[in-house]
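Examining the three-dimensional arrangement
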Amino acid sequence: MQKGILLVAFGSSRQAAHLSLKRFDDAVRRRFPGVPARWAFTSGVVRGKLADKGMKTDSVRKALEKMWFEKFTHVAVQSLHIIPGDEYHDLVEDVQRFRGGERGFERIVLGRPLITNEGDVAAAADAVMRALPPERRTGEAVVLMGHGTWHAGDSMYDALYDELRRRDDNVYVATMDGRLVIEDVTKALAEKGVTKAWLVPLLAVPGRHVQKDMCGAGPDSWVNILSAAGIQTECVLRGTAEYGDFPNIWLDHLSEAIANDAEARS
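Residues numbered from 1 in each chain as written. Predicted model: local features only at pLDDT ≥ 70, side-chain atom pairs only at ≥ 80, totals over all residues. Heavy atoms only, no water.

1. Observations regarding the overall build of the chain
Helix and strand content of the chain: 10 helices and eight strands. Dimensions along the principal axes, computed over C-alpha positions, put the chain at roughly 60 × 45 × 30 Å. A buried classification covers 51% of the 266 residues belonging to the chain. Long-range pairs, those at least 24 residues apart, make up 74% of the contacts in the chain between residues at least 6 apart in sequence. For the chain, the accessible area works out to roughly 12600 Å², and carbon and sulfur atoms hold 49% of it. Of the side-chain charges in the chain, 35 are positive and 37 negative, and the distance between the mean point of each set is 6 Å. (Helix = DSSP H or I, 4+ residues; strand = E, 2+ residues; numbered from the N terminus. Buried < 20%, exposed > 50% of the residue type's maximum accessible area, 1.4 Å probe, protein only. Contact = heavy atoms within 4.5 Å. Areas by Shrake-Rupley, 256 points an atom, 1.4 Å probe, with all protein chains shown as cover. Lys, Arg positive; Asp, Glu negative; His and termini not counted. Charge placed at Lys NZ, Arg CZ, Asp CG, Glu CD.)

Given below as structure tokens:
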């Protein structure tokens, strides 16, 4: 038996993002000592940019093919997605292709995204509350940036939003796609008379979306949308894969997937 782990992220070509993933990689190796860990990026655009820089990265399918050729027999795949949207379901299909058959592993399991059910919502809300900027003062808002999707999995952002608002009515969730848009949050903050907001990524790594869409100089960045409404901003440039209790949620999901598979076979 040869065990291995495949960690799957959207990916990024930015150095700061790779440092975030390195910290998560270190956490995986501490949790599962002696088990080799590999990486795959789901974004073809990111893989292309990295290739242009001379950095070789793999798609999920390519990474699993390599692990099969390396004689791994038992593989645990862990998604670093936030919610179970389109990309996660593509990952489910990729994993299914390597389950059984001549080119399949003896066992392959998949750990779920950060927020998939009610228990995950509570755990993620706990992680958010414990990781709020310590410099934040009374009356200042925190706006979490999620990617968002028009997939049904987007409802997990709504569930987290509602849970956070029960705990602190100045903590908001907004997404780049989907229902929870920054314009609605900006309007709500202005109506409450909030004059300062902390922008915090709800993304695994601080890649292009954080650097450009959240905190960039362009007129459509969240910083400038809020500034146009008279709201001062502070950006937190770190991804959820690198700090607080967020990494442990993903690692718990990986441990759970492995344990459930072992129990099913016993």
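After presenting the structure, the write-up continues.
2. Concerning the sheet that holds strand S2 (residues 37-41)
The strand order S2-S1-S3-S4 describes an open sheet built from four strands, whose pairing is parallel. At either margin of the open sheet sits one strand with a lone partner, and together these are S2 and strand S4 (107-111). The mean inter-strand angle of the sheet, taken between neighbouring strand axes irrespective of direction, is 20 degrees. Contacts from helix H4 (residues 86-97) reach strand S1 (3-9), strand S3 (74-79) and S4, with the element oriented near 170 degrees to S4. (Pairing = 2+ DSSP bridges. Axes fitted to C-alpha atoms, helices over the stretch in contact; angles between N-to-C directions.)

3. Here's the deal with helix H5 (residues 118-130)
Here H5 is 13 residues long and its end C-alpha atoms lie 19 Å apart, about the 18 Å a rise of 1.5 Å per residue gives. Those residues of H5 lying buried are Asp120, Val121, Ala124, Ala125, Ala127 and Val128. With its buried residues spanning 160 degrees around the axis, H5 presents them on a single face. Facing away from the buried surface of H5 by more than 90 degrees, the exposed residues are Glu118 and Arg130. Measuring from the side-chain oxygen of the N-cap residue of H5 to the backbone nitrogen of Gly119 gives 3.1 Å; that N-cap residue is Asn117. (Expected span 1.5 Å × (residues − 1). Arc of directions from axis to C-beta. Polar contact = N/O pair within 3.5 Å; in protein donor to acceptor, adjacent residues only side chain to side chain.)

4. Quick notes on the nonpolar core
By size, the foremost hydrophobic cluster in this structure holds 70 residues, and its most contacted members are Ile115, Val143 and Leu189. Apart from the residues lying within four places of it in its own chain, the contact partners of Ile115 are Ile82, Ile83, Pro84, Asp120, Val121, Ala124, Met156 and Leu160. In this structure, Leu64, Phe72, Val95 and Phe105 belong to the second largest nonpolar core, which totals 17 residues. (Core = buried A, V, L, I, M, F, W, Y, C linked by side-chain atoms within 4.5 Å.)

5. Digging into the sheet that holds strand S8 (residues 232-235)
As summarised here, the arrangement of the four strands in space is S6-S5-S7-S8, forming an open sheet in which the pairing is parallel. For this open sheet the edge positions go to strand S6 (171-175) and S8, each flanked by a neighbour on one side alone. Each adjacent strand pair in this sheet contributes to an overall mean axis angle of 30 degrees, direction not counted.

6. Brief notes about the state of the cysteines
Under the definition given, this model contains one disulfide. The disulfide partner of Cys215 is Cys235, and the S-S distance across this bridge is 2.0 Å. What sets the handedness of the Cys215 and Cys235 disulfide is the S-S torsion sign, and at about -115 degrees it is left-handed. On the criterion of sequence distance, the pair formed by Cys215 in the loop between helix H8 (208-214) and helix H9 (222-228) and Cys235 in strand S8 is long-range, its members being 20 residues apart. (Disulfide = S-S within 2.5 Å.)

7. Re the packing of H5 against helix H6 (residues 155-167)
The N-to-C vectors of H5 and H6 enclose an angle of 55 degrees; their axes lie 9 Å apart at closest approach. Compared by their axis directions, H5 and H6 come out oblique. In the packing of H5 onto H6, the handedness of the crossing is right-handed. On H6, the residues touching Val121, Ala122, Ala124, Ala125, Asp126, Val128 and Met129 of H5 are Met156, Ala159, Leu160, Glu163, Leu164 and Arg167. Here the contact of H5 with H6 is built from residues that sort into 10 nonpolar, no polar and three charged. (Parallel < 35°, antiparallel > 145°, perpendicular 65-115°, else oblique. Left-handed = near helix turned anticlockwise from the far one by under 90°. Nonpolar A, V, L, I, M, F, W, Y, C, P; charged D, E, K, R; others polar.)

8. Points about the side chain of Glu140
Within the secondary structure, Glu140 is located in the loop between H5 and strand S5 (141-146). Lys196 provides the closest opposite charge to the buried, salt-bridge-free Glu140, at an N-O distance of 4.1 Å. (Salt bridge = Lys/Arg side-chain N within 4 Å of Asp/Glu carboxyl O.)

9. Topic: the packing of aromatic side chains
Here a ring pair, both rings aromatic, is described through the centre-centre distance and the interplanar angle of the planes. For the coordinates displayed, the defined rule picks out six aromatic pairs. Taking the centre distance of 5.5 Å and the plane angle of 70 degrees together, the rings of Tyr243 and Phe246 count as edge-to-face. This pair shows no difference in class: Tyr243 is buried, exactly as Phe246 is. Site record: aromatic cluster; members linked through ring pairs are Phe24, Trp39 and Trp250. Lying over the aromatic face of Trp68, Arg103 brings its terminal NZ or CZ to 4.6 Å of the ring centre. Sitting above the plane of the Tyr243 ring, Arg238 keeps its charged end 3.7 Å from the centroid. (Phe/Tyr/Trp six-rings, centres within 6.5 Å; stacked < 30°, edge-to-face > 60°. Lys NZ or Arg CZ within 6 Å of the ring centre and 35° of its normal.)

Any functional reading would require information beyond the geometric quantities listed.
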